[in-house]
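Summary of the model geometry
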Amino acid sequence: MSSVNPESPYTRMGGEPAVRALVDRFYELMDTLLEAWEIRKLHPEDLAGSREKLFKFLSGWLGGPPLYIQEYGHPMLRRRHLPFPIDEQARDQWMLCMNQALDELVEEEALREGVRHAFWQLADHMRNR
């Protein structure tokens, strides 16, 4: 297995524990914020599987171990999300949760803003309505 780049967002954020904490906080927010109700309804009642898949995806996406690819193959995110109606409101609700999780957990401003920008591009790309 190749080593993780020490300059990657994954490493700069704090590696596996930090990425897990980000995913956990993201889903806690999605599960509790009334403003995220529409995006929450697109997920299964039990978020455990969603949490694990997002963690594995973000691990590789942020420059860490490519756990998602190792288990599931290429993410093909847009194709995998086509069955779900993702419009600007859904994108914005997803970003609301991720932005708050980033604000709470990523102390380094430049890192936080760079990751936020990358998430925005990814979330906007998922729109299919």
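Not measured: the values here are computed from a predicted model.

A word on the overall build of the protein chain. Secondary structure assignment for the protein chain yields eight helices and zero strands. For the protein chain, the N- to C-terminal ordering of α and β elements is α-α-α-α-α-α-α-α. Computed over its C-alpha atoms, the radius of gyration of the protein chain comes to 14 Å, within 12% of the 14 Å expected for a compact globule of 129 residues. Along the longest, intermediate and shortest principal axes, the C-alpha atoms of the protein chain span 40 × 30 × 25 Å. For the protein chain, the proportion of its 129 residues judged to be buried stands at 38%.

Attention now moves to the nonpolar core. Core analysis: the biggest nonpolar cluster contains 35 residues, and M13, F26, L58, W94 and F119 have the highest contact counts within it. Of all the secondary-structure elements, those providing two or more residues to this core are α1 (9-13), α2 (15-32), α4 (48-61), α7 (88-105) and α8 (109-125). Top element by residues in this core is α2. It accounts for eight residues. With residues up to four places along the chain from it excluded, the contact list for W94 reads F26, M30, I39, F119 and A123.

Before going further, it helps to examine α7. In this model, α7 (18 residues) spans 25 Å end to end at C-alpha, consistent with the 26 Å of a helix rising 1.5 Å per residue. Listed as buried for α7 are A90, R91, Q93, W94, M95, C97, M98, A101 and L102. Residues of α7 that are buried make contact with α2, α3 (37-41) and α8. The distance from a side-chain oxygen at the start of α7 to the backbone nitrogen of Q89 is 3.1 Å, and the residue carrying that oxygen is D87.

How each quantity is defined
- Residues numbered from 1 in each chain as written.
- Predicted model: local features only at pLDDT ≥ 70, side-chain atom pairs only at ≥ 80, totals over all residues.
- Heavy atoms only, no water.
- Helix = DSSP H or I, 4+ residues; strand = E, 2+ residues; numbered from the N terminus.
- Rg over C-alpha atoms; globule rule 2.2 N^0.38 Å.
- Buried < 20%, exposed > 50% of the residue type's maximum accessible area, 1.4 Å probe, protein only.
- Core = buried A, V, L, I, M, F, W, Y, C linked by side-chain atoms within 4.5 Å.
- Contact = heavy atoms within 4.5 Å.
- Expected span 1.5 Å × (residues − 1).
- Polar contact = N/O pair within 3.5 Å; in protein donor to acceptor, adjacent residues only side chain to side chain.

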